[in-house]
Amino acid sequence: MLSVKAIRKDFPIFKRTILGRPLVYLDNAATSQRPKQVIAAVNDFYRRHNANVHRGIHTLSEEASNLYEEARATVAGFINCGSDELIFVRNTTEGINLVVWTWGFDHVRSGDEILVTVMEHHSNFVPWQQMAVRRGAVLRVADITEDGLLDMEDFKKKLSKKTKIVAVTHCSNVTGTINPVSEIVRLAKRVGAVVLIDGAQGVQHIGIDVKVVGCDFLAFSGHKMLGPMGSGGLFIKRERQEEMGPFLTGGGMIREVYATHFVWAEGPEKFEAGTPDVAGAVGLAEAVRYHTRLGMRYIRKHESNITAYALERLRDMKDMQIFGPSDVKVRGGVVSFTIKGIHPHDVAEVLNYRGVAVRSGTHCAMPLHDRFRVPATTRASFYLYNDKKDIDALISGLEQAKHIFR
Ligand code: PLP
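Residues numbered from 1 in each chain as written. Predicted model: local features only at pLDDT ≥ 70, side-chain atom pairs only at ≥ 80, totals over all residues. Heavy atoms only, no water.

## Digging into the domain arrangement of the chain
Along its sequence, the chain is organised into domain 1 (4–26 + 296–404) and domain 2 (39–292). On a C-alpha basis, the centres of domain 1 and domain 2 stand 28 Å from each other. A buried area of about 2500 Å², summed over both sides, lies between domain 1 and domain 2, and 63% of it is on carbon and sulfur atoms. When the buried area of domain 1 at its contact with domain 2 is split by residue, Met296, Arg371 and Tyr383 rank highest and sum to 26% of it. For the interface between domain 1 and domain 2, the tally reads two salt bridges. For the salt bridge of glutamate 146 with arginine 371, the shortest nitrogen-to-oxygen distance reads 3.5 Å. (Domains from an automatic or database assignment. Buried area = accessible area lost by both parts, 1.4 Å probe. Salt bridge = Lys/Arg side-chain N within 4 Å of Asp/Glu carboxyl O.)

Below, the structure is given as structure tokens:
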């Protein structure tokens with residue numbers, strides 16, 4: 001079992017209060033908090049090693065370059081890909097856009113199809129919509145079942161030889177639904193499609209081995225996994241990299257430049273134009289080490305236990321509609337719900353007065369809310385530093401909201 005008490009000591013933010021109450025942070029799907037180890041790694045980079053990478057032969061530049069490449073190896077190891085397959089990006093959104101505007105634009109033609117699911121975050125919808133419009137391609141959307149699981153029959157029906165790419169989230173940021181990504185890849189490969197996995201809610205809570213899953217691309221955000229804002233990763237399988245040109249162009253991504261043309265670099269450099277966020281990469285690697293020390297299996301188990309407890313307590317409340325699967329085996333630590341007659345923003349506001357941070361709205365998943373026929377939900381999302389007491393604080397805040405608004 002994880003010792004939440006010990007873990008919380010690593011997170012300076014839990015020392016502060018919100019409107020006089022202890023902070024209960026349940027907005028982890030939006031962004032996580034940072035442990036002192038990550039803050040120290042970033043701080044140490046700027047205090048002792050700061051220099052630009054890959055350009056200088058002076059000591060500091062060499063140290064910064066080494067730290068940057070060591071960070072790449074650490075983050076790559078976490079998802080089990082080669083260092084040459086891990087590109088540093090700012091976030092999941094940038095990672096997905098990189099794939100859309102490079103591989104996508106070179107491989108998707110008029111009449112081809114792209115398959116996503118209705119539970120995608122806007123970051124895994126809008127870039128594909130853009131590409132479909134510009135390429136004359138068709139965007140197909142696989143439905144969900146009544147309990148919020150991916151409808152595999154519908155998915156299979158919409159997958160065909162015309163499908164060039166399947167883009168699917170590992171874990172929904174609204175219902176917590178964990179998608180069967182290995183099965184999705186197996187089906188996609190049968191029709192010759194490549195697969196992008198949106199790992200924004202998966203990498204840090206469920207864990208993923210890209211070799212076992214067999215996906216072509218995986219995008220994730222450092223800020224949602226204890227790392228710095230503006231850090232993130234994109235796995236691109238070697239074979240796919242060979243089929244792709246660069247995304248942004250300029251310094252850093254070239255091998256040779258002539259007045260009229262250039263030759264691009266190979267490997268991750270090809271996709272990392274300009275000066276990278278070296279401190280961000282160093283901080284992200286430290287965040288990865290934090291997860292590895294605790295163990296992904298324990299993190300997953302801990303979050304499952306909390307989620308099961310939250311579902312049980314919420315189900316006991318009257319007038320509550322909870323979205324997503326009831327079985328925590330196929331659900332990550334995200335619970336979205338509505339209370340009959342009370343607007344989700346009002347719920348979030350009452351909770352905030354009690355120090356409880358949750359999110360209300362559509363969580364960048366409007367198509368899914370349309371599918372559920374609700375304008376908005378309140379979302380509580382958990383991480384390794386939450387415990388049952390946090391859930392109790394949530395429930396007592398919800399009871400108060402009911403009391404106020406009824
Ligand atoms: N995909 C999912 C499933 C998400 O939950 C999020 C953020 O909430 C994103 C993509 C976008 O992440 P970012 O804003 O870090 O690019």
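## Comments concerning the sheet that holds strand β10 (residues 232–236)
Judged by pairing direction, the sheet is mixed, and its seven strands sit side by side in the order β4-β10-β9-β8-β7-β5-β6 without closing on themselves. Sheet topology places β4 (86–89) and β6 (138–142) at the edges, where each strand pairs with a single neighbour. Between one strand and the next, the sheet's axes are offset by a mean angle of 20°, whatever the strand orientation. Pairing of strand β7 (residues 163–169) with strand β8 (residues 194–198) involves five bridges; the strand directions are parallel. Note on β8: the bridge partner recorded for valine 166 is valine 195. The strands touched by helix α3 (residues 59–79) are β4, β9 (217–221) and β10; relative to β4, the strand with the most contacts, the crossing angle is about 110°. Together, β4, β7, β8, β9 and β10 form the strand contacts of helix α4 (residues 92–107), whose direction differs from that of β9 by roughly 155°. (Pairing = 2+ DSSP bridges. Helix = DSSP H or I, 4+ residues; strand = E, 2+ residues; numbered from the N terminus. Axes fitted to C-alpha atoms, helices over the stretch in contact; angles between N-to-C directions. Contact = heavy atoms within 4.5 Å.)

## Notes on the site of the ligand
Lining the immediate surroundings of the ligand are 14 residues, of which Thr93, Asp198, Gln201, Ser221 and Lys224 lie closest. Threonine 93 places a side-chain nitrogen or oxygen 2.5 Å from an oxygen atom of the ligand. Within the side chain of lysine 224, an N or O atom sits 2.6 Å from an oxygen atom of the ligand. In isolation the ligand offers 390 Å² of accessible surface; the protein chains occlude 88% of this area. Of the residues contributing to the shell around the ligand, the split by class is two nonpolar, 10 polar and two charged. (Near = heavy atom within 4 Å. Polar contact = N/O pair within 3.5 Å; in protein donor to acceptor, adjacent residues only side chain to side chain. Areas by Shrake-Rupley, 256 points an atom, 1.4 Å probe, with all protein chains shown as cover. Nonpolar A, V, L, I, M, F, W, Y, C, P; charged D, E, K, R; others polar.)

## Examining the environment of glycine 227
Mapping glycine 227 onto the fold places it in the loop between β9 and β10. The sequence separation of glycine 227 and valine 38 amounts to 189 residues, and the corresponding C-alpha distance is 6.6 Å. Contacts of glycine 227, omitting those with residues within four sequence positions, involve Arg34, Val38, Gly222, Gly283 and Ala287.

## Observations concerning the sheet that holds strand β13 (residues 320–323)
To summarise the sheet geometry, strands pair through backbone hydrogen bonds and adopt either a parallel or an antiparallel arrangement. Overall, antiparallel pairing links the four strands, which are arranged β13-β14-β17-β16 in an open sheet. The sheet is open, and its two borders are formed by β13 and β16 (359–361), each paired with just one other strand. On average, each strand axis in the sheet is tilted by 30° relative to the strand beside it, whichever way the strands run. In this structure, β16 lies alongside strand β17 (residues 377–381), joined through three bridges in antiparallel fashion. Bridging across to β17, glycine 361 finds its partner in threonine 377. The sheet contacts of helix α12 (residues 344–353) involve β14 (334–339), β16 and β17, and relative to β16 the element is tilted by about 165°.

## Quick notes on the packing of aromatic side chains
Applying the stated rule across the entire model yields 11 aromatic pairs. Here the aromatic rings of phenylalanine 11 and tyrosine 385 are separated by 4.8 Å at their centres, their planes lie at 70°, and the arrangement is edge-to-face. Note that phenylalanine 11 is positioned in the loop between α1 (4–9) and β1 (17–18) and tyrosine 385 in the loop between β17 and α14 (388–405), a separation of 374 residues in sequence. One exposure class covers both phenylalanine 11 and tyrosine 385, and it is buried. For the pair tryptophan 101 and phenylalanine 105, a centre-to-centre distance of 4.8 Å together with 15° between the ring planes defines the contact as stacked. Placement of the pair is tryptophan 101 and phenylalanine 105 together in helix α4, with a separation of four residues, close to one helical turn. Among the residues examined, tryptophan 101 registers a relative accessible area of 29% and is labelled partly exposed. A cation over an aromatic ring shows up here: arginine 8 above the ring of phenylalanine 14, its NZ or CZ 4.4 Å from the ring centre. Across the ring face of tyrosine 309, the terminal group of lysine 388 is positioned such that the distance to the ring centre comes to 5.2 Å. (Phe/Tyr/Trp six-rings, centres within 6.5 Å; stacked < 30°, edge-to-face > 60°. Buried < 20%, exposed > 50% of the residue type's maximum accessible area, 1.4 Å probe, protein only. Lys NZ or Arg CZ within 6 Å of the ring centre and 35° of its normal.)

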